[in-house]
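# Descriptive structure summary
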Amino acid sequence: MKSTLRLWIILLSAMSAGAIPAVSNRALRIPLQRRSLNAVDLIPDQLNPSERFLGAKRVAQFISYAREKYIYTFAIYERNTGSRHPLDTLSRSSSTSRSKRASSGTIALGNQGQDAWFGDITMGTPSQSFQVIPDTGSSDAWVIAASSPLPHGHRTYDASESSTSRDLHSPFNITYGEGEVAGDMYEDTVKVGGYEIANQKFGVAYVESLNFWSFFGFPADGIAGLGFPEISSMGGNTLMQNLNESSLLPQRFFGFKLSTEPGESKLTIGGADDAAFVSDTLVSVPVTKEGYWQIYLGGISRPNHTVPGSVDVAAIVDTGTTLILVSKEIADSYYAGIPDAKCVPDGMCTVPCDVIASTTPTLTFGGREYSVSADAWNFGPVDSDSTDCMTGMAIFEFEFVILGDVFLQNVYTIFDFGNPPQVHFADLV
């Protein structure tokens with residue numbers, strides 16, 4: 001309660017401050033755009049136009065990408081801190097292999113291809129503009145190089161056209177399960193909204209495997225990691241760390257509104273969009289371990305059913321992951337009692353399409369409940385002939401919960417870099 005009051009004092013002070021003399025000293029909003037790519041086996045005349053149809057293979061890929069992302073960022077955490085992350089519960093033999101790969105600069109970043117939100121940033125002098133995925137589940141930034149042989153219409157970074165660019169002559173490699181990108185690290189001037197950061201380190205990808213494009217269909221120009229430095233593979237200050245440690249931000253937090261409605265999604269840097277959320281539903285949850293935006297989940301329930309094993313479980317708030325991902329124990333308890341509900345070995349869970357709207361989850365934080373909408377929860381039929389629909393909550397092998405966009409579409413989320421750092425949730429207006 002005290003932390004929530006503290007945030008509201010900050011927000012009210014910012015709102016009542018009146019005219020602010022410089023762009024760099026006020027909260028700035030970055031419009032986000034959502035892109036949704038249909039699965040290759042889409043049959044439009046069999047589906048409601050408003051209904052998502054991804055196909056079971058794509059949902060399985062979402063789970064696989066998230067697994068790879070956390071395997072490698074756990075390895076980066078171990079390399080950077082000298083200790084294993086408490087949530088990394090895979091076998092020691094697997095961890096040893098991961099650490100070896102991470103030491104050579106291998107990282108994994110999250111994007112879910114089908115449903116992703118993009119915002120504009122610029123790099124270089126003069127500015128070169130890019131659409132990137134803002135990812136709170138990673139901490140590095142990268143964009144596609146002008147020398148990439150497979151730009152596919154993407155906006156690309158040309159270091160030779162920037163007077164402030166510096167090649168660090170240090171390679172990086174990014175793995176996406178069945179595809180990868182590789183390149184070199186650079187420093188250059190980066191602008192996020194109206195904030196300018198000199199000498200920001202980021203990756204410039206000039207090699208992309210054919211699998212990366214044909215299998216993944218990556219729609220962005222790059223990724224901007226918004227996590228903590230403990231999971232940065234590139235060394236030096238991360239994008240948000242540089243903003244946080246500068247005198248640029250009026251407030252040390254940023255807020256997300258993710259929406260499927262065109263023009264409604266926004267990332268607010270240096271403050272929160274007070275018009276986007278219901279003030280008396282705001283709760284504050286402390287970050288328990290820096291690296292990720294890691295908090296405790298109060299519990300998960302669905303109508304007339306609670307999940308005892310979900311109480312006070314570690315959870316990571318991750319805008320770069322699509323699904324809500326949980327342990328097998330939580331999933332088994334959640335879906336128990338739903339006729340014909342099932343989860344397959346790759347982690348995907350389904351329920352009959354005619355009852356899926358009655359199986360939506362409610363998540364609790366700080367004693368307040370936040371519900372997932374039926375639209376966000378329903379990922380459509382398993383295939384064009386199926387009467388089973390895929391849900392937005394799947395199984396992966398770790399014991400913590402990932403709070404991806406299925407949940408985050410339903411709340412306003414504030415990521416607070418204060419001391420101590422916190423995550424704040426509120427109902428959307």
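Up top you'll find the structure we're talking about.
Report follows, based on the coordinates. Note that the structure is a prediction, hence the values are computed from the model and not measured.

Turning to empty space enclosed by the protein, a few remarks are in order. For the coordinates displayed, the defined rule picks out 4 cavities of 30 Å³ or more. Taken as a whole, the largest cavity spans an internal volume of roughly 100 Å³. Taken together, 13 residues form the lining of the largest cavity, with I121, P134, V192, A224 and L267 sitting closest to its centre. Those elements that provide at least two residues to the lining of the largest cavity are β4 (115-123), β5 (128-135), α5 (239-245) and β12 (266-269). Taken together, the residues of the lining of the largest cavity sort by class into 11 nonpolar, 1 polar and 1 charged.

The subject of this paragraph is the pattern of salt bridges. Inspection of the entire model under this criterion finds 12 salt bridges. Between K69 and D318 there is a salt bridge, with the nearest N and O atoms lying 2.9 Å from each other. Placement of K69 in helix α2 (residues 56-81) and of D318 in the loop between β17 (313-317) and β18 (324-326) is noted, with a sequence separation of 249 residues between them. A relative accessible area of 1% means that K69 is categorised as buried. Of the charged contacts, one joins D120 and R155 as a salt bridge, the two residues approaching to 3.7 Å between their closest N and O atoms. Remark: R155 occurs in the loop between β6 (141-144) and β7 (166-176) and D120 occurs in strand β4; sequence separation between them is 35 residues. Judged by relative accessible area, D120 falls into the partly exposed class, the value being 36%. R155 sits in the partly exposed class, given a relative accessible area of 33%.

Cut-offs used in this document
- Residues numbered from 1 in each chain as written.
- Predicted model: local features only at pLDDT ≥ 70, side-chain atom pairs only at ≥ 80, totals over all residues.
- Heavy atoms only, no water.
- 1 Å grid on protein atoms, 1.4 Å probe; cavity = no way out; pocket = protein on both sides within 12 Å on 5 of 7 lines; lining within 4 Å.
- Points joined across faces, edges and corners; volume = space filled by probe spheres on them.
- Helix = DSSP H or I, 4+ residues; strand = E, 2+ residues; numbered from the N terminus.
- Nonpolar A, V, L, I, M, F, W, Y, C, P; charged D, E, K, R; others polar.
- Salt bridge = Lys/Arg side-chain N within 4 Å of Asp/Glu carboxyl O.
- Buried < 20%, exposed > 50% of the residue type's maximum accessible area, 1.4 Å probe, protein only.

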